[in-house]
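Each chain, written out:
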Amino acid sequence: MKYVLVSGGVVSGLGKGVMASSIGVVLKACGLRVTSIKIDPYLNTDAGTMSPFEHGEVFVLDDGGEVDLDLGNYERFLDVKLTRDNNITTGKIYQSVIDKERRGDYLGKTVQVVPHITDAIQEWIERVAMIPVDGKEGPADVCVIELGGTVGPGNFCLVHVSLVPVVNVVGEQKTKPTQHSVRELRGLGLIPNILACRSTKPLEDNVKEKLSQFCHVPDQKVHEAILKGLNLLGFAGNPELQEWTARAELQDKLSYPVRIAMVGKYTGLSDSYLSVLKALLHASVECSRKLMVEWVAATDLEDATAREDPDAFEAAWNVLKSADGILVPGGFGDRGVQGKILAAKYARENRIPYLGICLGMQIAVIEFSRSILGLHDANSTEFDPDTKNPCVIFMPEGSKTHMGGTMRLGSRRTYFHIADSVTAKLYGNVGYVDERHRHRYEVNPEMIDQLEQAGLSFVGKDESGKRMEIVELPGHPYFVGVQFHPEFKSRPGKPSAVFLGLIRAATNQPIFGMPHSSHNKIATRNSMSNGTAAPHKSFMNGKINGPLRTTLYSNGNGVHI
């Protein structure tokens, strides 16, 4: 097994995850099989209980692992299926060592950080790196590790991601921060083979020469440097990146917009919905449209905001009403729930394409129960435990005392009960689909008959037939709610079916036909784009600063307003 370590210096948030994923793509394009590991320093055993505001989204794997969002990047870039063990945390390592000590595995020795913790990290890496993740038999050729871990010479290549800031006064690129970062790395016994420098503009030749001289890293082609460091020059070919190049060129050519209103709770940090944004991007490019995400804080749609901040209330509703489609993503807690219900109601009554994910599906059911069934106090027991009309209830197998790892997690099978449904057709008229879940609450099975008699259609259910997975509103251009999280399995070239349906409906394209051909489309087998969404102006708690429609373009990577 060969290892590529990606470390970071100077500041956080430089894009080590994207760098690790990109290296994986290049190595895969050279004909090598690649796997990935992310090492996080926190004591949490997983990301499941961490706030999206603090850490971004929680990415869910097939095996139910709640992991760092960078594993989502790895899966999307490399088109692989990772396991929970591919995300190592300090908490996991310490827990495994303590469990061994309790079992007596250390034979009465004093357990210490060195060698027991350090050995546990290395053993974990070596074990997980051997697990095949690409559907083929046998281990991968290369394991890309983000943040930490060392192994023997000849099988190891270190890529250090650093910042080259630009002093605005004179516009000069400064190399000192990177020099100091490399010096600290060398002090730890780690010598970088490659420097990946981030800056606001391309590095000048004299800056490259200076970094090369003082950091002892030559200016070189990335794939050649990595293959040389891993002694693989004779085993791997030149990278075949034509498909990725075509995706990038296609994305840059798109000009016709599609506006999707994202009505959520965590609109202050786009990383909270990173996989949703990527899934929207994959589907938008498939439909030859430039994605424009309009962020709407759910609380801004509520009557309380109308009284306290009329300008924010008006602005939020103007955004919602101008959107081509509305998406309500997953979430927890009661803040903004009423605003989400109002968004679902507006979409239903005005025939605006709507996609509700997890909580977004439950929101659609609550709104329908209130507006159509006349159950004005209909609610989820998550938000009102004493409601007389609980249309969404706590799942009986869940835990109310422990938060971490106690939800319905991972890949679960959904069976289509109505073959002629919109979602069944979008999925290719299959009998069932496997999608990833993360929820504690479900639609109350005792209300299904009442809801369906009033017009809702629960077209997808679990293996028992009692747990609702997919709901549709017949006669509506596109009104779909799913209990699962389809965004976690969307890939460049393989957009999620329900996201594709949303974008097609929002752009007046045939929902079940081929994407509309336009002058933006170029001939490529899998014409998709991938990349990091552009930063956007965040509107949290109804506070809007500056003009409402400030459009930001980011090198063909999705547009956010």
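Below is a summary of the structure that appears in this document. (Residues numbered from 1 in each chain as written. Predicted model: local features only at pLDDT ≥ 70, side-chain atom pairs only at ≥ 80, totals over all residues. Heavy atoms only, no water.)

**Topic: the environment of Ala343**
Okay, so step 1: In this fold, Ala343 is placed in helix H13 (residues 337-349).
Okay, so step 2: A relative accessible area of 0% means that Ala343 is categorised as buried.
Okay, so step 3: Excluding residues within four positions of it along the chain, Ala343 makes contact with Val263, Leu301, Leu320 and Ile326. (Helix = DSSP H or I, 4+ residues; strand = E, 2+ residues; numbered from the N terminus. Buried < 20%, exposed > 50% of the residue type's maximum accessible area, 1.4 Å probe, protein only. Contact = heavy atoms within 4.5 Å.)

**Observations regarding the pairing of strand S2 (residues 34-40)**
Okay, so step 1: A large share of S2 lies buried, amounting to seven of its seven residues.
Okay, so step 2: Side chains Val34, Ser36, Lys38 and Asp40 project from S2 onto one buried face, and the interleaved Thr35, Ile37 and Ile39 project onto a second face that is buried too.
Okay, so step 3: Looking at chain direction, S2 and strand S6 (residues 142-146) are connected through five bridges and run parallel. Bridging across to S6, Ile37 finds its partner in Ile145.
Okay, so step 4: Two strands pair when backbone bridges link them, and S2 and strand S5 (residues 87-89) are joined in this way by three bridges, in the parallel orientation. Bridge pairing links Lys38 to Asn87 in S5. (Pairing = 2+ DSSP bridges.)

**Focus: the pattern of salt bridges**
Okay, so step 1: Across all of its chains, the model carries 27 salt bridges by this definition.
Okay, so step 2: Close ionic contact of Glu243 with Arg247 constitutes a salt bridge, the shortest N to O distance being 2.7 Å. Of the two residues, Glu243 and Arg247 are both situated in helix H9 (residues 242-253); the distance of four residues between them amounts to about one turn of the helix.
Okay, so step 3: In this structure, Glu442 and Arg467 form a salt bridge, with 2.7 Å as the shortest nitrogen-oxygen distance. Remark: Arg467 occurs in the loop between strand S20 (457-461) and strand S21 (468-472) and Glu442 occurs in strand S19 (residues 441-443); sequence separation between them is 25 residues.
Okay, so step 4: On the basis of relative accessibility, which here comes to 5%, the residue Glu442 falls in the buried class. (Salt bridge = Lys/Arg side-chain N within 4 Å of Asp/Glu carboxyl O.)

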